[in-house]
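Single-letter residue listing:
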Amino acid sequence: MKNSGDPLPQGIEIGALSRIVRQHFADRIEQVIHPLGLTLGQWTVLRELKRTPGASASELARAAVHTPQAVNRLVRTLEEEGLVERSPARGRVVDNHLTAKGHKLTDETFLQIEARLAPALEKFDRANAEEFRRLSHLLIKALEDPA
C-alpha cells in the first residue's frame, strides 16, 4: 500500500491500523465459520460463552461490542440451533451456557481458525505476541477510562 500523503495524527493512525487488523482477522475467521452456517456475531457470542460460561446478554454485549438487544437475538438463534442454553439467574437476568454441541463446534472452530491464522502469525515470535497483547490491553484500558 503506497502512502504519499501527510502523516496522520497518532490517534487516528492507531485507530485506522486497528481497524485494518480487525478486518483481516474477521476475513480469516469468516472463511472458517460461514461454511458452518455461522455469522461473525454468532461466533463472537459462542467464543465469549466459551471464555465466560453463564454470561448474561449484557455481559456478552460488552465483550462482543454489540447491543444487548442484538446479542439476545443472536443467543435465541444459537439456542434454536442447539448450541446455547439459557437459564434464569438473578431476577430478570438470564445466564447463557454452551451446550455439548456448542462446546464441540466452538472447539472445532478454534482449531480451524488457528490453522487459518498460523501462516500469518508465525511471523510473530512469543515476545512480539506478548508485546502486542500488552499494548492492546494498555490501549483498551486507556480508551475505557472516562478521564
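Read on for a plain summary of the structure. (Residues numbered from 1 in each chain as written. Predicted model: local features only at pLDDT ≥ 70, side-chain atom pairs only at ≥ 80, totals over all residues. Heavy atoms only, no water.)

1. Some thoughts on the packing of aromatic side chains
(1) Moving on: Scanning the model with the defined rule gives 1 aromatic pair in all.
(2) Moving on: With 6.3 Å between their ring centres and 70° between their planes, Trp 43 and Phe 110 make a pair best called edge-to-face. Here Trp 43, found in helix 2 (residues 40-51), pairs with Phe 110, found in helix 5 (residues 100-121); they are 67 residues apart in sequence, far enough to count as distant.
(3) Moving on: Looking at Trp 43, the relative accessible area reads 6%, which means it is buried.
(4) Moving on: Residue classification places Phe 110 among the partly exposed residues on the basis of a relative accessible area of 30%. (Phe/Tyr/Trp six-rings, centres within 6.5 Å; stacked < 30°, edge-to-face > 60°. Helix = DSSP H or I, 4+ residues; strand = E, 2+ residues; numbered from the N terminus. Buried < 20%, exposed > 50% of the residue type's maximum accessible area, 1.4 Å probe, protein only.)

2. Observations concerning the environment of Gln 10
(1) Moving on: Mapped onto the secondary structure, Gln 10 falls in helix 1 (residues 10-33).
(2) Moving on: Owing to a relative accessible area of 61%, Gln 10 belongs among the exposed residues under this scheme.
(3) Moving on: Residues Gln 10 and Lys 104, spaced 94 residues apart in sequence, show a C-alpha to C-alpha distance of 42 Å.

3. Brief notes about helix 2
(1) Moving on: Helix length check: helix 2, at 12 residues, gives a terminal C-alpha distance of 16 Å against a target of 16 Å (1.5 Å per residue), a fit within 8%.
(2) Moving on: Burial analysis of helix 2 places 9 of its 12 residues in the buried class, the great majority of the element.
(3) Moving on: Those residues of helix 2 that fall on the buried side of the exposure criterion are Leu 40, Gly 41, Gln 42, Trp 43, Thr 44, Val 45, Leu 46, Glu 48 and Leu 49. (Expected span 1.5 Å × (residues − 1).)

4. Concerning the packing of helix 3 (residues 57-64) against helix 4 (residues 68-80)
(1) Moving on: In the contact formed by helix 3 and helix 4, the axes pass within 8 Å of each other and the chain directions differ by 105°. When the axis of helix 3 is compared with that of helix 4, the two are roughly perpendicular. Contacts between helix 3 and helix 4 involve Ala 57, Ser 58, Leu 60 and Ala 61 on the former and, on the latter, Pro 68, Val 71, Asn 72 and Val 75.
(2) Moving on: For the contact of helix 3 with helix 4, a count of residues per class yields 6 nonpolar, 2 polar and no charged. (Axes fitted to C-alpha atoms, helices over the stretch in contact; angles between N-to-C directions. Parallel < 35°, antiparallel > 145°, perpendicular 65-115°, else oblique. Contact = heavy atoms within 4.5 Å. Nonpolar A, V, L, I, M, F, W, Y, C, P; charged D, E, K, R; others polar.)

5. So, the nonpolar core
(1) Moving on: Grouped together as the largest cluster of nonpolar side chains are 24 residues, with contacts concentrated most on Ile 33, Leu 38, Val 45, Leu 46 and Val 84.
(2) Moving on: Elements with a minimum of two residues in this core: helix 1, helix 2, helix 3, helix 4 and helix 5.
(3) Moving on: Per element, the largest residue contribution to this core is 5 residues, and it comes from helix 2.
(4) Moving on: Ignoring anything within four residues of it in the chain, the contact list for Leu 38 reads Ile 33, Trp 43, Leu 46, Leu 78, Leu 83 and Leu 105. (Core = buried A, V, L, I, M, F, W, Y, C linked by side-chain atoms within 4.5 Å.)

6. Considering the pattern of salt bridges
Between side chains of opposite charge, pairing is possible as soon as their charged atoms come close.
(1) Moving on: In the structure shown here, the tally under the stated rule is 6 salt bridges.
(2) Moving on: Close ionic contact of Arg 47 with Glu 48 constitutes a salt bridge, the shortest N to O distance being 2.9 Å.
(3) Moving on: In this structure Glu 48 comes out as buried when scored by relative accessible area, which is 4%.
(4) Moving on: With its nearest N and O atoms 2.5 Å apart, the salt bridge here joins Glu 130 to Arg 133. (Salt bridge = Lys/Arg side-chain N within 4 Å of Asp/Glu carboxyl O.)

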